[in-house]
Amino acid sequence: MRKVGILLAALSIFGVAAPALAHHGFDTEYDANKKVKLEGVVTQVSWTNPHMRVYIDVTGPDGKVTNWNMELTSPNTIRRQGWGPDDLKAGDRVIFEGFGGKVVESRGSLQSIMKKSDMKPLFGPGGPDAAQPVKQ
Amino acid sequence: MRKLLVITVTLAALTVMLQAQGRGGRGGRGDAPGRGDGREAQGGVLTDNGGIRYINPGSPTIPDAEINSHPIPRMPDGHVDLTGPWVGGGSNGDIERDGGLKPGELPLQPWAKEVRDKRLSKDEPYTACLPMSVPRVNPYPWKFVYGYTSEGLTHMYVLHETGDAGAHRVVYMDGRPHARNWVNNWWGHSIGRWEGDTLVIDTVGYNDKFWFDSRGTPHTEQLHTIERWTRTSWGRIENDFTLEDPGALTKPVKLHFTGRLLRPDRQTGKADLMEFICLEDNEYGQAAQIKVGTGTDGKK
């Protein structure tokens, strides 16, 4: 058990240290120490280039509403996995995770998102239109 | 003593993990890390070299087990069909690593090493929707398009899905020599020929504004590239690449890249490029309030 504790402690240190050791990287924009997991209501899904964005209204404990702008990869990449506009729409209540922006915290990197109604992860490999492979 | 052993083993394992992540590199706007073979684009949420995960399932490609499931196709005139679309086949995160060299083997002149070390990924020209040029490919698909006229195959075009890769690249296949009194530009002047089933593309006349990779590896206007494209199976294309630049390298160097065939679309059964308008909503840098994409700083 103590070994597990030591391992977990080491992993914890690693998790914090890794971004600092990157030569160039993703942390140009986003802050690894600003991990967020929030619930909100989608206000817009932008299937735009170069990268998709999902805008989500999140109500804070004080009642203040913040509109989060969460970035994904390109819409073509998501389309090729079988996802489309029918799969997430304005008004859907979602739970999402990501990392806040370095300066503008509500401009984030989207790590995962799912509708609260079914809790199925969206926009990964194997979307609804990818269920039946076809032969070329 | 046993505790010390556990800590040592744990830290060693973490070091290996850290190095593995550090090799990932990253396209400037959050694109998948590059290894030059599109292998990073095989489904799943990707991890960049900062260890941060984000939704990017990548461009789906034909897996190794299926690369020989069809014969290599040919055009009606008998030429091998190199169309694709392909994913990978060039540099992206680090041309030295992506091209199969060990760290330090790319024979950069001291000034070029210094420039590479000083450049920041946020300043990559292609993050401002400028072309990536040769031999760079980001993890989005690209394809060869055969240009037939009444005189036969007179042109070959290279189309990249991403607008920031450039609208199209022209390879003259009609036997003309390199242009004289040329104005150096992003794609240079390319002439092509067949050596058996291998397409050989010789290019000069590049400008010095683009980067070979997100690491910032530079070049000069003396750049001369020779690509040798061979479709070795239905699912793979190989790029034997010769890089010459007496202005930035101490000697010519040979690199190798592999492209992977894009998986057919699930609905249509066909694989093709899709629309990509880079300037539509390029917000790169705004989360950090930084100015990006100003790295078009060739050797002065």
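This text follows the structure it describes.
The following refers to the structure shown. None of these values were measured; they are calculated from a predicted model.

1. Considering the nonpolar core
And step 1. Ranked by size, the top nonpolar core spans 22 residues in total, and within it B:Leu82, B:Phe144, B:Met156, B:Trp194, B:Leu199 and B:Trp229 carry the most contacts.
And step 2. Beyond its immediate stretch of four places on either side in the chain, B:Leu199 contacts B:Leu82, B:Phe144, B:Met156, B:Met173, B:Arg193, B:Trp194, B:Glu227, B:Arg228 and B:Trp229.

2. Let's talk about the pattern of salt bridges
Pairing of side chains with opposite charge becomes possible as their charged atoms draw close.
Residues and elements named next belong to chain A.
And step 1. The full count for this structure, using the stated rule, is 20 salt bridges over all chains.
And step 2. The salt bridge involving arginine 53 is made with glutamate 71; its shortest N-O contact spans 3.9 Å. Taken together, the positions of arginine 53 in strand β2 (residues 53-59) and glutamate 71 in strand β3 (residues 65-71) put the pair 18 residues apart, joining distant regions of the chain.
And step 3. Relative accessible area serves as the criterion here: at 3%, arginine 53 is assigned to the buried category.

3. A look at the sheet that holds strand β4 (residues 93-101) of chain A
Residues and elements named next belong to chain A.
And step 1. The 5 strands are arranged β1-β2-β3-β5-β4 in a closed barrel whose pairing can be described as mixed. For this sheet the average axis-to-axis angle between neighbouring strands, irrespective of direction, equals 50°.
And step 2. Across 7 bridges, β2 lies against β3 in antiparallel orientation. Paired with aspartate 57 across the bridge in β3 is asparagine 67.

4. Comments concerning the pairing of β4(A)
Residues and elements named next belong to chain A.
And step 1. A large share of β4 lies buried, amounting to 7 of its 9 residues.
And step 2. Pairing of strand β1 (residues 30-46) with β4 involves 8 bridges; the strand directions are antiparallel. Residue pairing across strands places leucine 38 opposite phenylalanine 96, the latter belonging to β4.
And step 3. By the bridge criterion, 6 bridges tie β4 to strand β5 (residues 107-115) in an arrangement that is antiparallel. From the neighbouring strand, valine 94 faces β5, where its bridge partner is lysine 115.
And step 4. Counted between consecutive antiparallel strands, the loop separating β4 from β5 contains 5 residues.

5. Comments concerning empty space enclosed by the protein
All names here are of chain B.
And step 1. Using the criterion set out here, one finds 6 cavities of 30 Å³ or more in the structure.
And step 2. When its volume is computed, the largest cavity comes out at roughly 120 Å³.
And step 3. If you trace the largest cavity, you find 16 residues lining it, with Val137, His160, Arg169, Glu227 and Trp229 closest to the centre.
And step 4. Of all elements in the fold, only β4 (142-149), β5 (152-160) and β9 (224-230) reach the threshold of two or more residues within the lining of the largest cavity.
And step 5. Class assignment for the residues of the lining of the largest cavity results in 8 nonpolar, 5 polar and 3 charged.

Each value, and the rule that gives it
Residues numbered from 1 in each chain as written. Chains lettered and ligands numbered in written order. Predicted model: local features only at pLDDT ≥ 70, side-chain atom pairs only at ≥ 80, totals over all residues. Heavy atoms only, no water. Core = buried A, V, L, I, M, F, W, Y, C linked by side-chain atoms within 4.5 Å. Buried < 20%, exposed > 50% of the residue type's maximum accessible area, 1.4 Å probe, protein only. Contact = heavy atoms within 4.5 Å. Salt bridge = Lys/Arg side-chain N within 4 Å of Asp/Glu carboxyl O. Helix = DSSP H or I, 4+ residues; strand = E, 2+ residues; numbered from the N terminus. Pairing = 2+ DSSP bridges. Axes fitted to C-alpha atoms, helices over the stretch in contact; angles between N-to-C directions. 1 Å grid on protein atoms, 1.4 Å probe; cavity = no way out; pocket = protein on both sides within 12 Å on 5 of 7 lines; lining within 4 Å. Points joined across faces, edges and corners; volume = space filled by probe spheres on them. Nonpolar A, V, L, I, M, F, W, Y, C, P; charged D, E, K, R; others polar.

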